[in-house]
Amino acid sequence: MTQPRVFVRGVGAITALGANWPASLAALAAGRSAIGQVAGFDVTGFPSTAGAEIDGFTHTGDRRLALARIAAREAWQGAGVDVAPERLGIFLGAESGRAPFSTLHGLTRGAGGGARFDHARFGVKAAALVAEFDASIISPAAVTSALALEYGAHGPAVTISLACASGASAIAEAARAIRLGVCDVALCGGVGADVDPMMLAGFGRVGALSARGVSCPFDVRRDGFVVGEGAAMVVLALERGSASVELAGEGRSLDAHHLTAPDPQGDGAMRAMRSALAAAGLDAVDYIQAHGTSTPLNDAVESMALRRVLGASLDAAHVSSVKGALGHWIAGAGALGFLCAHAALVHGIVLPTANLVQPDPACALPHVIGEAVRANVNAALVNAFAFGGANCSLVARRCA
């Protein structure tokens, strides 16, 4: 039985290169990178001091929500949909929020800061800080709930927290909900607010970040990723309207191999890609927006997996990763990748991989280097592969 089609009605984003998606796309197409020394807080002594932060972005409360609202508004306004509240769903990739770093620092000093833990002093100091740990700020589900309230969505409200696969998985689950008849329209995507002291410290401690502060996916010089921040949102719908792109296939899998390392044979990645391609009825695509984190092992494994899945057809395609320009958004990464694929399908703009100069022979792919190229793209593949081994691949194509 033919499954219902799912159309892309609107897209929106805020990035470190632009306050909306058209501005961001133009900067990305020119080969610009937003990665530089973090200026929002003191990075002295951190294992990596670089990030792609949004300059001058001010907000109150949860930074994730502030970013997501901007991207959602752009996508929603562009979609032009009319849907009953009970037929509208919200699907978002988001990690836990964080209280201000000053609050965390205050807690560390609350017990006196000496060799002995002063329980009485901590009880007093901690009480004054507890309000800054409100669930509306730190809950993974808080952003989804706020968007559901803002858009009057009475359908499913789903938060997916699967590290780097969160945003792509949210889009995949939104499409599946529409095909199953659970909702007619879905506002979906991902948000990452990861230029943060805790993220720099945590990812630095496990050796995932670039000590040089440069994200150069697939390059021989790559030594880790760089954190970034932003939001990317999509409106999917059962009705085509004026859409020229449809989400044709989704695939999700789990490596079940290691917390931070991918299956060295790329088994989980291949299963996700093959599932998405099979659902779309395709065995080749014109463009791949790769996961491409700029970590030595992940880039090599993804390259191998792409070659095994697409075979000789890969040589006729284009491959790039947006993380060289905007860093790694973690929960928002896959959604940002989907917007890059959407741009290739709608505008014929195939984005380059920023900072890729010397492709690693272990990553022998048809890379786009320097500036964007123009190409006739009819089908595109988006990959998002996460810590914990969660994988998600999406296939989008131009509507017939």
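Preceding this section is the structure that the text describes.
Residues numbered from 1 in each chain as written. Predicted model: local features only at pLDDT ≥ 70, side-chain atom pairs only at ≥ 80, totals over all residues. Heavy atoms only, no water.

Caption draft 1: Structural view of the overall build of the protein. Along the protein, the regular secondary structure elements total 12 helices and 14 strands. Relative to its length of 400 residues, the protein is compact, with a C-alpha radius of gyration of 21 Å against a globular reference of 21 Å. Taking the principal axes of the C-alpha coordinates as reference, the protein spans close to 70 × 50 × 40 Å. Split into buried and exposed, the 400 residues of the protein put 56% on the buried side. Sequence-distant contacts in the protein: of pairs separated by 6 or more residues, those separated by 24 or more amount to 80%. When the accessible surface of the protein is summed, it comes to about 15,500 Å², and 55% of that surface belongs to carbon and sulfur atoms. For the protein, the distance from the average position of its 29 positive side-chain charges to the average position of its 32 negative side-chain charges is 1 Å. (Helix = DSSP H or I, 4+ residues; strand = E, 2+ residues; numbered from the N terminus. Rg over C-alpha atoms; globule rule 2.2 N^0.38 Å. Buried < 20%, exposed > 50% of the residue type's maximum accessible area, 1.4 Å probe, protein only. Contact = heavy atoms within 4.5 Å. Areas by Shrake-Rupley, 256 points an atom, 1.4 Å probe, with all protein chains shown as cover. Lys, Arg positive; Asp, Glu negative; His and termini not counted. Charge placed at Lys NZ, Arg CZ, Asp CG, Glu CD.)

Caption draft 2: Looking closely at the pairing of strand 6 (residues 185-193). With nine of its nine residues buried, strand 6 lies for the most part within the structure. Side-chain alternation along strand 6 places Val-185, Leu-187, Gly-189, Val-191 and Ala-193 on one buried face and Ala-186, Cys-188, Gly-190 and Gly-192 on a second face that is also buried. In terms of strand pairing, strand 6 meets strand 7 (residues 227-237) through nine bridges, oriented antiparallel. Looking at the pairing, Gly-189 lines up with Met-233 of strand 7. (Pairing = 2+ DSSP bridges.)

Caption draft 3: How the structure looks around the state of the cysteines. Summed over all chains, the structure comprises zero disulfides. Of all cysteine sulfurs, the one in Cys-392 lies closest to Cys-164, which takes part in no disulfide; the gap is 12 Å. With relative accessibility at 6%, the residue Cys-164 sits in the buried group. (Disulfide = S-S within 2.5 Å.)

Caption draft 4: Broad picture of the packing of helix 9 (residues 267-280) against helix 10 (residues 296-310). The contact between helix 9 and helix 10 brings their axes to 9 Å, and the two run at 40 degrees. Relative to helix 10, the element helix 9 lies oblique. Considering the relative orientation of helix 9 and helix 10, their crossing is right-handed. Side by side, helix 9 and helix 10 meet where Ala-269, Met-270, Met-273, Arg-274 and Leu-277 of the first sit next to Ala-305, Leu-306, Arg-308, Val-309 and Leu-310 of the second. (Axes fitted to C-alpha atoms, helices over the stretch in contact; angles between N-to-C directions. Parallel < 35°, antiparallel > 145°, perpendicular 65-115°, else oblique. Left-handed = near helix turned anticlockwise from the far one by under 90°.)

Caption draft 5: Quick peek at the pattern of salt bridges. In total, this model carries 16 salt bridges according to the counting rule given. Arg-176 is the salt-bridge partner of Glu-250, the closest N and O atoms lying 3.9 Å from each other. Here the residue Glu-250 occupies a position in strand 8 (residues 245-254), and Arg-176 occupies one in helix 7 (residues 166-179), the gap between them amounting to 74 residues. Look at Glu-250 and you get buried, because its relative accessible area is 8%. Of the charged contacts, one joins Arg-212 and Asp-223 as a salt bridge, the two residues approaching to 4.0 Å between their closest N and O atoms. Note that Arg-212 is positioned in the loop between helix 8 (197-205) and strand 7 and Asp-223 in the loop between helix 8 and strand 7, a separation of 11 residues in sequence. Where salt bridges share partners, they join Glu-173, Arg-176, Arg-179, Glu-250 and Arg-252 into one cluster. (Salt bridge = Lys/Arg side-chain N within 4 Å of Asp/Glu carboxyl O.)

Caption draft 6: Geometry of the nonpolar core. If you look at the biggest cluster of nonpolar residues, it comprises 59 residues, and the most contacted ones within it are Trp-21, Ile-171, Val-234, Leu-236, Leu-326, Phe-338 and Leu-394. In terms of residues, this core owes the most to one element, helix 12 (residues 333-347), which gives nine residues. Other than its neighbours up to four places away in sequence, Phe-338 contacts Val-8, Ile-171, Val-234, Leu-247, Val-382, Leu-394 and Ala-396. Within the second largest apolar cluster, 31 residues are counted, among which are Leu-88, Val-143, Leu-147 and Tyr-151. (Core = buried A, V, L, I, M, F, W, Y, C linked by side-chain atoms within 4.5 Å.)

Caption draft 7: Expanded view of the environment of Ala-261. With respect to the secondary-structure elements, Ala-261 resides in the loop between strand 8 and helix 9. Judged by relative accessible area, which is 21%, Ala-261 ranks as partly exposed.

Caption draft 8: Molecular detail of unusual backbone geometry. A positive phi is found at Ala-256, a non-glycine position, where the angle reads about 50 degrees. With a relative accessible area of 69%, Ala-256 lands in the exposed category. Not every positive phi belongs to a glycine, and Ser-294 is a case in point at roughly 85 degrees. For Ser-294, the position within the fold is in the loop between strand 9 (287-289) and helix 10. Owing to a relative accessible area of 0%, Ser-294 belongs among the buried residues under this scheme.

Caption draft 9: The side chain of His-367, seen in detail. Considering the arrangement of structural elements, one finds His-367 in the loop between strand 11 (349-350) and strand 12 (373-374). In this structure His-367 comes out as buried when scored by relative accessible area, which is 16%. At 2.8 Å, the side chain of His-367 forms a polar contact with the backbone oxygen of Cys-363. Ignoring anything within four residues of it in the chain, the contact list for His-367 reads Phe-218, Val-319, Leu-356 and Pro-359. (Polar contact = N/O pair within 3.5 Å; in protein donor to acceptor, adjacent residues only side chain to side chain.)

Caption draft 10: Spotlight on the packing of helix 2 (residues 63-79) against helix 6 (residues 142-151). The N-to-C vectors of helix 2 and helix 6 enclose an angle of 40 degrees; their axes lie 10 Å apart at closest approach. In terms of orientation, helix 2 and helix 6 fall into the oblique class. Helix 2 and helix 6 meet at a crossing whose hand is right-handed. On helix 6, the residues touching Arg-64, Leu-65, Ala-68, Arg-69, Ala-72, Arg-73 and Trp-76 of helix 2 are Ala-142, Val-143, Ala-146, Leu-147, Glu-150 and Tyr-151.

Caption draft 11: Focus on helix 12. With 15 residues, helix 12 extends 21 Å from end C-alpha to end C-alpha; this agrees with the ideal 21 Å at 1.5 Å per step. Where helix 12 ends, the next residue or the one after it, Gly-348, has phi of about 70 degrees, a positive value. (Expected span 1.5 Å × (residues − 1).)

Caption draft 12: Region of interest: helix 7. Here helix 7 contains 14 residues, and its C-alpha end-to-end distance of 20 Å stays within 8% of the 20 Å for a straight helix at 1.5 Å per residue. Once helix 7 finishes, Gly-181 follows within two positions and takes phi at roughly 85 degrees, a positive value.

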